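A closer look at the structure
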Protein chains: 2
Amino acid sequence: MARMVEFFYDVGSPYAYLAATQIDALAARHGATVRWRPFLLGAVFKATGNEMPARVPAKARWMLGDIVRWARKYGVPFAMPTRFPLSTISAQRALVAAHRIAGEDAQRKLALALFRAYWGDDRDVSDRSVIAEVAQCVGLDAGAVVDAIDAPETKDALRAQTDEAVARGAFGAPAMFFEGELFWGNDRLALLEDALSQAG
Amino acid sequence: MARMVEFFYDVGSPYAYLAATQIDALAARHGATVRWRPFLLGAVFKATGNEMPARVPAKARWMLGDIVRWARKYGVPFAMPTRFPLSTISAQRALVAAHRIAGEDAQRKLALALFRAYWGDDRDVSDRSVIAEVAQCVGLDAGAVVDAIDAPETKDALRAQTDEAVARGAFGAPAMFFEGELFWGNDRLALLEDALSQAG
């Protein structure tokens with residue numbers, strides 16, 4: 001069986017964005033696949049007593065430069081959004097819906113496009129018309145995805161996925177699991193890669 | 001003039017310990033020197049409104065495995081201390097005193113030995129007799145170092161160094177500065193190394 005990395009993400013997290021740009025290629029280098037799993041970071045913080053790192057003003061100032069350095073290292077766009085933090089519940093539900101409607105690869109493409117819209121192009125991804133536009137650009141039936149945002153099965157699926165991540169030890173984003181171990185943060189991709197290469 | 005990295009550390013921080021085992025060799029690879037600077041992490045947290053990461057239970061559980069993975073990657077000893085967190089004020093003052101009495105290299109050697117005693121050998125580095133023993137093992141006049149822990153100039157110097165780090169943006173440990181930029185955490189050594197190599 002192919003080795004598999006689970007990637008729990010929320011499009012509102014800058015470090016999830018950075019990791020999202022790298023995770024597929026990293027896994028592919030070691031013959032592993034990635035299971036993309038949207039969760040709701042705000043609910044994870046609430047459940048675990050964690051807080052967003054930008055709560056500490058000095059850390060928030062440092063983070064801005066830190067994200068710029070990572071983006072430069074990876075060669076990916078980054079522009080600090082004018083809206084931060086913002087509610088990602090509609091976007092995360094849209095991702096769950098996209099998965100149900102069009103499959104995991106459609107979810108992955110929509111995730112990458114929403115990450116890019118928010119962290120590269122300063123779009124308001126809490127706005128359903130923006131979500132629809134981005135969904136259409138990646139070839140999805142935008143109306144079907146947006147209509148499914150409020151569907152009970154969408155809400156339940158996002159809640160269940162979030163609860164599962166918390167139950168397995170997640171407390172922030174991105175939360176990556178490989179062979180039962182949690183790797184937290186874009187800055188742990190190197191340790192995840194070590195684990196993948198040692199798993200032979 | 002030789003390029004210089006400032007390394008603010010507290011022996012009570014596991015990530016400062018991990019970085020301490022790497023920082024000299026990393027800097028040397030790029031023809032840079034390291035200025036080792038003890039500060040008091042508890043005072044940094046208080047001044048910035050930050051908290052120790054282990055405050056969040058799920059993060060504390062993850063951290064233990066995370067530190068083990070880094071220690072394995074670096075090939076350095078690690079055993080979770082039975083006393084954690086512990087007061088490092090005497091140890092940090094002893095480091096300031098060692099610097100004044102015997103110079104920066106003596107301070108660096110004492111720092112590495114105290115880090116090792118705490119994170120490798122489960123010693124109680126809040127205990128002055130342990131500090132004296134470790135100081136003696138690295139060739140210092142243990143009596144002089146321990147006697148200087150309570151000297152006003154020792155206390156003032158540690159406070160001034162801590163205040164300076166906070167004023168320059170530090171909020172946690174290790175805090176590394178290179179050319180005006182703050183690199184926070186053992187997990188930012190790779191970005192620090194990028195900056196050193198690009199500074200050419």
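So, here's what we can say about the structure.

Calculation rules
- Residues numbered from 1 in each chain as written.
- Chains lettered and ligands numbered in written order.
- Predicted model: local features only at pLDDT ≥ 70, side-chain atom pairs only at ≥ 80, totals over all residues.
- Heavy atoms only, no water.
- Least-squares fit on C-alpha atoms with pLDDT ≥ 70 in both.
- Contact = heavy atoms within 4.5 Å.
- Pairing = 2+ DSSP bridges.
- Helix = DSSP H or I, 4+ residues; strand = E, 2+ residues; numbered from the N terminus.
- Axes fitted to C-alpha atoms, helices over the stretch in contact; angles between N-to-C directions.
- 1 Å grid on protein atoms, 1.4 Å probe; cavity = no way out; pocket = protein on both sides within 12 Å on 5 of 7 lines; lining within 4 Å.
- Points joined across faces, edges and corners; volume = space filled by probe spheres on them.
- Nonpolar A, V, L, I, M, F, W, Y, C, P; charged D, E, K, R; others polar.
- Buried area = accessible area lost by both parts, 1.4 Å probe.
- Salt bridge = Lys/Arg side-chain N within 4 Å of Asp/Glu carboxyl O.
- Polar contact = N/O pair within 3.5 Å; in protein donor to acceptor, adjacent residues only side chain to side chain.
- Buried < 20%, exposed > 50% of the residue type's maximum accessible area, 1.4 Å probe, protein only.

For these two chains of identical sequence, chain B goes onto chain A by a turn of 180 degrees and a shift of 0.0 Å along the axis, with RMSD 0.0 Å. Given the turn and translation reported, the copies of this chain are related as if by a two-fold rotation axis. When C-alpha distances to the rotation axis are compared across chain B, the minimum falls at B:Asp187, with a value of 3.1 Å. The residues that chain B uses at the interface reappear at the interface of chain A in 100% of cases, marking a shared surface.

Time to look at the sheet that holds strand S2 (residues 32-38) of chain A. All names here are of chain A. In spatial order, the strands read S2-S1-S3-S4; together these four strands make up an open sheet with mixed pairing. If you trace the sheet from one side to the other, it starts and ends with S2 and strand S4 (181-184), each paired once. Strand-to-strand twist of the sheet, defined as the mean angle between neighbouring strand axes without regard to direction, takes the value 25 degrees. Bridge count for strand S1 (residues 3-9) against strand S3 (residues 175-178) is three bridges, and the pairing is antiparallel. Paired with Phe-7 across the bridge in S3 is Met-176.

Now for the layout of surface pockets. Size it by volume and the second largest pocket reaches roughly 470 Å³. Along the walls of the second largest pocket sit 24 residues, with A:Ala190, B:Trp70, B:Lys73, B:Asp187 and B:Ala190 positioned nearest its centre. Going through the elements one at a time, helix H2 (23-29), helix H4 (57-74) and helix H10 (189-198) of chain A together with helix H2 (23-29), helix H4 (57-74) and helix H10 (189-198) of chain B are the ones with two or more residues in the lining of the second largest pocket. The residue inventory of the lining of the second largest pocket, partitioned by class, reads eleven nonpolar, four polar and nine charged.

Turning our eyes to something else, we now look at the environment of A:Gly31. Among the structural elements, A:Gly31 can be located in the loop between H2 and S2. Distance in space between the C-alpha atoms of A:Gly31 and A:Trp119 is 29 Å, their sequence separation being 88 residues.

Our focus in this paragraph is the interface of chain B and chain A. Taken residue by residue, the interface counts 25 residues in chain B and 26 residues in chain A. For the pairing of chain B and chain A, the buried interface totals around 2400 Å² over both sides, and the portion due to carbon and sulfur atoms is 54%. Summed over the three residues of chain B that lose the most area to chain A, namely B:Trp62, B:Arg69 and B:Arg188, the buried surface amounts to 25% of that side. Linking chain B to chain A there are ten salt bridges. For the salt bridge of A:Glu51 with B:Arg55, the shortest nitrogen-to-oxygen distance reads 3.8 Å. Linking chain B with chain A are 14 residue pairs in polar contact (both at pLDDT 80 or more), by the criterion used here. Looking at the side of chain B that touches chain A, the elements with two or more residues in it are H4, strand S4 (181-184) and H10 of chain B. Here the side of chain B that touches chain A is composed, by residue class, of eleven nonpolar, four polar and ten charged.

This next bit is on the pattern of salt bridges. Counting across every chain of the model gives 44 salt bridges over all chains. A salt bridge links A:Asp105 to A:Lys109; the shortest N-O distance between them is 3.3 Å. On the criterion of helical spacing, the pair formed by A:Asp105 and A:Lys109 is a turn pair, its members being four residues apart in helix H6 (residues 104-119). According to the relative accessible area criterion, A:Asp105 is partly exposed, its value standing at 38%. A relative accessible area of 41% places A:Lys109 in the partly exposed class. One salt-bridge network, in which partners are shared between bridges, spans A:Asp66, A:Asp187, A:Arg188, B:Asp66, B:Asp187 and B:Arg188.

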